[in-house]
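Fold and geometry: a report
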Amino acid sequence: VQLQASGGGLVQAGGSLRLSCAVSGRTLSGYVMSWFRQAPGKEREFVAAMFRHGGNTYYADSVKGRFTISKDNAKNTVMLQMNNLKPEDTAVYYCATGSAILSQIYYSSAYNYWGQGTQVTVSS
């Protein structure tokens, strides 16, 4: 399984970006698809997730109401729409997928496959 993230960039506070993650290779219907981020000097943290089949979405409190995760199963793609961006959103964003169950989706150790990361920088 390979993941390719794209869509990062530099944006002013209050602006928007849309990240995409294309998944290729073997994919399993029960897998969860997620976004994590890692700021310099900090641990990688959960941002958002949804299962490949099913409509429920899950978000970190820090991004609720501003970020939206979505997927296109036909294209094996997961997106992250980020609105009202803040300087504290600056980080490398990673997409990930794996066989994690619901209670595990918030932990990076539960994921089998990772994309290469895309930089998001929000200026104040």
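Relevant structure appears above.
Below or above, wherever it landed, is the structure these notes cover.

What counts and how
- Residues numbered from 1 in each chain as written.
- Predicted model: local features only at pLDDT ≥ 70, side-chain atom pairs only at ≥ 80, totals over all residues.
- Heavy atoms only, no water.
- Helix = DSSP H or I, 4+ residues; strand = E, 2+ residues; numbered from the N terminus.
- Buried < 20%, exposed > 50% of the residue type's maximum accessible area, 1.4 Å probe, protein only.
- Pairing = 2+ DSSP bridges.
- Salt bridge = Lys/Arg side-chain N within 4 Å of Asp/Glu carboxyl O.

**Observations concerning the environment of Gly54**
Looking at the element boundaries, Gly54 is found in the loop between β5 (45-51) and β6 (57-59). Judged by its relative accessible area of 45%, Gly54 falls in the partly exposed class. A sequence separation of 24 residues divides Gly54 from Gly30, and the C-alpha atoms of the two residues are 9.4 Å apart.

**Some details on the pairing of strand β3 (residues 17-24)**
Taking every second residue as pointing to the same face, the buried face of β3 carries Leu17, Leu19, Cys21 and Val23, while none of Arg18, Ser20, Ala22 and Ser24 on the other face is buried. Examined bridge by bridge, β3 and strand β8 (residues 77-82) share six bridges and lie antiparallel to one another. Residue pairing across strands places Ser20 opposite Met79, the latter belonging to β8.

**Focus on the environment of Gln2**
In this fold, Gln2 is placed in strand β1 (residues 2-6). Remark: the alpha-carbon pair of Gln2 and Arg26, spanning 24 residues in sequence, is separated by 8.5 Å.

**Some points on the pattern of salt bridges**
All chains considered together, the criterion is met by four salt bridges. Here Arg37 ties to Glu45 by a salt bridge, and the two come within 2.6 Å at their closest N and O atoms. Arg66 is the salt-bridge partner of Asp89, the closest N and O atoms lying 2.7 Å from each other. Residue Asp89 is found in the loop between β8 and β9 (91-98), and its partner Arg66 is found in the loop between β6 and β7 (67-72); the two are separated by 23 residues along the sequence. With respect to class, Asp89 is no different from Arg66; both count as buried. Connected via shared salt-bridge partners are Arg37, Glu45, Arg66 and Asp89.

**Some words on unusual backbone geometry**
Glycine aside, residues mostly have negative phi angles, and peptide bonds mostly take the trans form. Phi at Asn76 is positive, roughly 50°, even though this residue is not glycine. Counting through the fold element by element, Asn76 comes out in the loop between β7 and β8. A relative accessible area of 18% places Asn76 in the buried class. With a phi close to 50°, Asn84 is a non-glycine residue in the positive phi region. The residue Asn84 is located in the loop between β8 and β9 in this model. Owing to a relative accessible area of 42%, Asn84 belongs among the partly exposed residues under this scheme.

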